[in-house]
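# Inside the fold
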Amino acid sequence: MKFVSTQIPDVVICEPVVFGDDRGYFVETFRADKLAEFLGYEIKFCQDNESKSSLGVLRGLHFQLPPYAQTKLVRVIKGRVIDVAVDIRLGSPTFGKFVATELSDQNKRQLLIPRGFAHGFLVLENDSIFAYKVDSYYNKDCDRGIAYDDADIAIDWASFGISKDKLNLSEKDTKQPSLANAKELFDISVNYYA
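Description of the structure in this document. What you see is a predicted model, and the numbers here were worked out from it, not measured in a lab.

Once that is clear, we can look at the sheet that holds strand β10 (residues 98–104). Taken together, five strands build an open sheet; the order of strands is β10-β8-β12-β6-β14 and the sheet is antiparallel. Two strands lie at the open edges of the sheet, namely β10 and β14 (143–145), each paired on one side alone. Between one strand axis and the next, the sheet turns through 30° on average, direction left out of account. In this structure, strand β8 (residues 80–87) lies alongside β10, joined through seven bridges in antiparallel fashion. What sits directly across from Val 86, in β10, is Phe 98.

Glancing now at the layout of surface pockets. As a volume, the largest pocket reaches approximately 370 Å³. Taken together, 22 residues make up the lining of the largest pocket; nearest its centre are Arg 59, His 62, Lys 72, Tyr 132 and Lys 172. Of all the secondary-structure elements, those providing two or more residues to the lining of the largest pocket are β5 (47–53), β6 (58–64), β12 (117–123) and β13 (128–134). For the lining of the largest pocket, the leading source of residues is β6, giving five residues. Here the residues of the lining of the largest pocket sort into nine nonpolar, eight polar and five charged.

With that settled, the discussion passes to the pairing of strand β3 (residues 18–21). As defined by bridge partners, β3 adjoins strand β4 (residues 24–27) across four bridges and the pair is classed as antiparallel. Note on β4: the bridge partner recorded for Asp 21 is Gly 24. From the end of β3 to the start of β4, which pair antiparallel, there are two residues.

Now for the packing of aromatic side chains. All told, the structure shown has eight aromatic pairs when counted by the stated rule. Between Phe 3 and Phe 38, the aromatic rings sit 5.1 Å apart at their centres with planes inclined by 25°, giving stacked as the arrangement. With Phe 3 in strand β1 (residues 2–5) and Phe 38 in helix α1 (residues 32–39), this residue pair connects regions lying 35 residues apart in the sequence. On the accessibility criterion, Phe 3 (15% relative accessible area) is buried. Phe 38 gets classed as partly exposed once you look at its relative accessible area, which sits at 34%. Judged by centre distance (5.5 Å) and plane angle (80°), the rings of Phe 30 and Phe 45 are edge-to-face. Pair noted here: Phe 30 is in the loop between β4 and α1 and Phe 45 is in the loop between α1 and β5, with a separation of 15 residues, a long-range link. Following the ring pairs from residue to residue traces out a cluster consisting of Phe 63, Phe 186 and Tyr 192. It is Lys 133 that lies over the ring of Phe 30; its NZ or CZ is 5.3 Å from the centre.

Taken together, the six strands give an open sheet; going across it, the order is β1-β2-β11-β7-β13-β5, and neighbouring strands pair in antiparallel fashion. Every interior strand has two partners, whereas the edge strands, β1 and β5, have only one. Averaged over all pairs of adjacent strands, the angle between their axes in this sheet comes to 25°, without regard to strand direction. Taken together, the three bridges between strand β2 (residues 12–15) and strand β11 (residues 110–113) define a ladder with antiparallel strand orientation. Each residue of the ladder has a partner; that of Val 12, found in β11, is Leu 112. The strands touched by α1 within the sheet are β1, β2 and β11, with β1 carrying the most contacts at an inclination of about 35°.

This part is about the environment of Gly 56. Looking at the element boundaries, Gly 56 is found in the loop between β5 and β6. With a relative accessible area of 1%, Gly 56 lands in the buried category. Measuring from C-alpha to C-alpha, the distance between Gly 56 and Asp 21 comes to 33 Å, with 35 residues separating the pair along the chain. Leave out the neighbours within four places in its chain, and Gly 56 touches Leu 122, Val 123, Ile 162, Lys 166, Leu 167 and Asn 168.

Calculation notes
- Residues numbered from 1 in each chain as written.
- Predicted model: local features only at pLDDT ≥ 70, side-chain atom pairs only at ≥ 80, totals over all residues.
- Heavy atoms only, no water.
- Pairing = 2+ DSSP bridges.
- Helix = DSSP H or I, 4+ residues; strand = E, 2+ residues; numbered from the N terminus.
- Axes fitted to C-alpha atoms, helices over the stretch in contact; angles between N-to-C directions.
- 1 Å grid on protein atoms, 1.4 Å probe; cavity = no way out; pocket = protein on both sides within 12 Å on 5 of 7 lines; lining within 4 Å.
- Points joined across faces, edges and corners; volume = space filled by probe spheres on them.
- Nonpolar A, V, L, I, M, F, W, Y, C, P; charged D, E, K, R; others polar.
- Phe/Tyr/Trp six-rings, centres within 6.5 Å; stacked < 30°, edge-to-face > 60°.
- Buried < 20%, exposed > 50% of the residue type's maximum accessible area, 1.4 Å probe, protein only.
- Lys NZ or Arg CZ within 6 Å of the ring centre and 35° of its normal.
- Contact = heavy atoms within 4.5 Å.

What follows is the structure, encoded as structure tokens:
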């Protein structure tokens, strides 16, 4: 597996090696030892999640506060999405900046999103199946979000081929605060893995 740092170095693209022949393919989708070697610390994932969505569904931007902050390792089993991670760590030189990358069943890429980032994805193909690991259990009381259309973050969702009027969001995701108005965020000076 190859690990590639993005323009926000804490967000990492994981590119597995695919072994294929006329029968199909084989791929290791996760190796704790290799990831720990690259990061310099171990992540203990404890829960796997999966969702199926249709074209134009936008989920996010979501995160959980401590003590249930989550690292996510996300991938697409079927279909194609644009996956986005937004730095919400106060004091970070990349605060409010984002990484966007295409994940698909064809490229088999994964995105590692550390604690201190909001996460969302836009579905580019019908019946896309999205799967992810987290290192902390879901906790409703710590569940938070940032507005998907926050002008300061400036994610141009339409540039990914889905116009704003075609986006399909949950009621919850249409009511999230802007980053500037979020009352609880992360702090770059705190080690959320300690």
